[in-house]
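What follows is each chain in one-letter form.
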Amino acid sequence: MGLARQLKRLRRKLEGTLSPKKPRKVLLEPLEPRLLLSDFTYSAVAGAAIDATLRLDDTTQELKLINNADQSILQSQALGETEAVVINGAELDDSLTIDYGNPFSLPIFFADNHPSTGDKLKVVGKDNEWRIAGENRGSVGGPGAVEFLGFENLFGGADVDW
């Protein structure tokens, strides 16, 4: 048997054992929502309402979320390491005061996705422009300042609010 014939047989044998290449399917998996490490994030404990004030400590340059009942610090983070503030309310009536007495400029998002009628948002320490975007939602201070969702009662401070 000649070399050409052996190569021809080998080629046929290999072609019979190899299956044609099938195109691969493209699979897309959804990613879970992620929190940036630079976000100041606080979520209410189940069964407890938030009654807190967010303010900048001028001496330490830290953003602090302070419990209004006992003045304890619920959470703090250096202002320089923070890109946004995210606070999630509880199923009870929440109350958040944002104090701009020591000014800071960060986007703040406060959401209460639980049905209730007594949630309160108060923004003090500067002139504010309130924009109501729909039922129980809107922003304070223009785009990117304070956005809120699920708040029925809105309060301004002693400064000019419009």
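Data block above holds the structure.
Residues numbered from 1 in each chain as written. Predicted model: local features only at pLDDT ≥ 70, side-chain atom pairs only at ≥ 80, totals over all residues. Heavy atoms only, no water.

*Asks:* Which residues make up the overall build of the protein, and what values go with them?
*Replies:* Each helix and strand in the protein was counted, giving 1 helix and 12 strands. Reading the secondary structure of the protein in the N-to-C direction produces α-β-β-β-β-β-β-β-β-β-β-β-β. Burial analysis of the protein (162 residues in total) assigns 33% to the buried set. In the form shown here, the protein has an accessible surface area of approximately 10900 Å², with 54% of it arising from carbon and sulfur atoms. (Helix = DSSP H or I, 4+ residues; strand = E, 2+ residues; numbered from the N terminus. Buried < 20%, exposed > 50% of the residue type's maximum accessible area, 1.4 Å probe, protein only. Areas by Shrake-Rupley, 256 points an atom, 1.4 Å probe, with all protein chains shown as cover.)

*Asks:* Any details on the pairing of strand S9 (residues 130-134)? Residues and values, ideally.
*Replies:* Here S9 pairs with strand S10 (residues 137-140) via 4 bridges, running antiparallel. When the bridges of S10 are listed, Ile 132 appears paired with Gly 138. The hairpin formed by S9 and S10 contains 2 residues between the paired strands, and Asn 136 there has a positive phi angle of roughly 60°. (Pairing = 2+ DSSP bridges.)

*Asks:* Hey, could you go over the pattern of salt bridges for me, with residue numbers and the actual values?
*Replies:* Counting across every chain of the model gives 3 salt bridges. Glu 129 is the partner of Arg 131 in a salt bridge, and the nearest nitrogen-oxygen pair spans 2.6 Å. You can call Glu 129 partly exposed: its relative accessible area is 24%. (Salt bridge = Lys/Arg side-chain N within 4 Å of Asp/Glu carboxyl O.)

*Asks:* Which residues make up the sheet that holds strand S6 (residues 95-99), and what are the values?
*Replies:* Taking strand neighbours across the sheet as the criterion, the 6 strands line up as S4-S3-S2-S6-S8-S12 in an open arrangement whose pairing is mixed. One side of each edge strand has no neighbouring strand; the edge strands of this open sheet are strand S4 (73-78) and strand S12 (153-156). Adjacent strand axes in the sheet meet at a mean angle of 15° when their direction is disregarded. Across 5 bridges, strand S2 (residues 51-57) lies against S6 in parallel orientation. (Axes fitted to C-alpha atoms, helices over the stretch in contact; angles between N-to-C directions.)

*Asks:* Describe the nonpolar core, with residues and values.
*Replies:* Core analysis: the largest hydrophobic core is formed by 26 residues, its most contacted members being Leu 65, Val 85, Ile 87, Ile 98, Phe 104, Ile 108 and Leu 121. Contributions of two or more residues to this core are made by strand S1 (39-43), S2, strand S3 (62-67), strand S5 (84-88), S6, strand S7 (108-111), strand S8 (120-124) and strand S11 (146-149). The element that contributes the greatest number of residues to this core is S2, accounting for 3 residues. (Core = buried A, V, L, I, M, F, W, Y, C linked by side-chain atoms within 4.5 Å.)

*Asks:* I'd love a proper account of the packing of aromatic side chains, names of residues and values included.
*Replies:* Working definition: an aromatic ring pair is given by the centre-to-centre distance plus the angle between the planes. In the structure shown here, the tally under the stated rule is 3 aromatic pairs. Positioned above the aromatic ring of Tyr 100, the side-chain terminus of Lys 126 is 4.6 Å from the ring centre. (Phe/Tyr/Trp six-rings, centres within 6.5 Å; stacked < 30°, edge-to-face > 60°. Lys NZ or Arg CZ within 6 Å of the ring centre and 35° of its normal.)

*Asks:* Now, about the environment of Glu 129: what can you tell me, with residues and values included?
*Replies:* You can see Glu 129 is positioned in the loop between S8 and S9. A sequence separation of 27 residues divides Glu 129 from Gly 156, and the C-alpha atoms of the two residues are 9.6 Å apart. In this structure the side chain of Glu 129 is engaged in a polar contact, spanning 2.6 Å, whose partner is the side chain of Arg 131. (Polar contact = N/O pair within 3.5 Å; in protein donor to acceptor, adjacent residues only side chain to side chain.)

*Asks:* Describe the side chain of Asp 39, naming the residues involved and giving the relevant values.
*Replies:* Relative to the helices and strands, Asp 39 resides in strand S1. If we skip the residues at most four places from it in the chain, Asp 39 touches Gln 77, Glu 83, Ala 84 and Val 86. (Contact = heavy atoms within 4.5 Å.)

*Asks:* Give me the environment of Glu 152: which residues, what numbers.
*Replies:* You can see Glu 152 is positioned in the loop between S11 and S12. Separated by 16 residues in the primary sequence, Glu 152 and Asn 136 place their C-alpha atoms 5.3 Å from one another. Here the side chain of Glu 152 touches Asp 119 through a polar contact of 3.1 Å, landing on its backbone nitrogen.

*Asks:* Lay out the side chain of Asn 67 with the relevant residues and their values.
*Replies:* Structurally, Asn 67 is set in strand S3. The residues touching Asn 67, leaving out its near neighbours within four places in the chain, are Asp 51, Ser 72 and Leu 74.

From the geometry alone we can't say anything about function, so treat these as descriptive.
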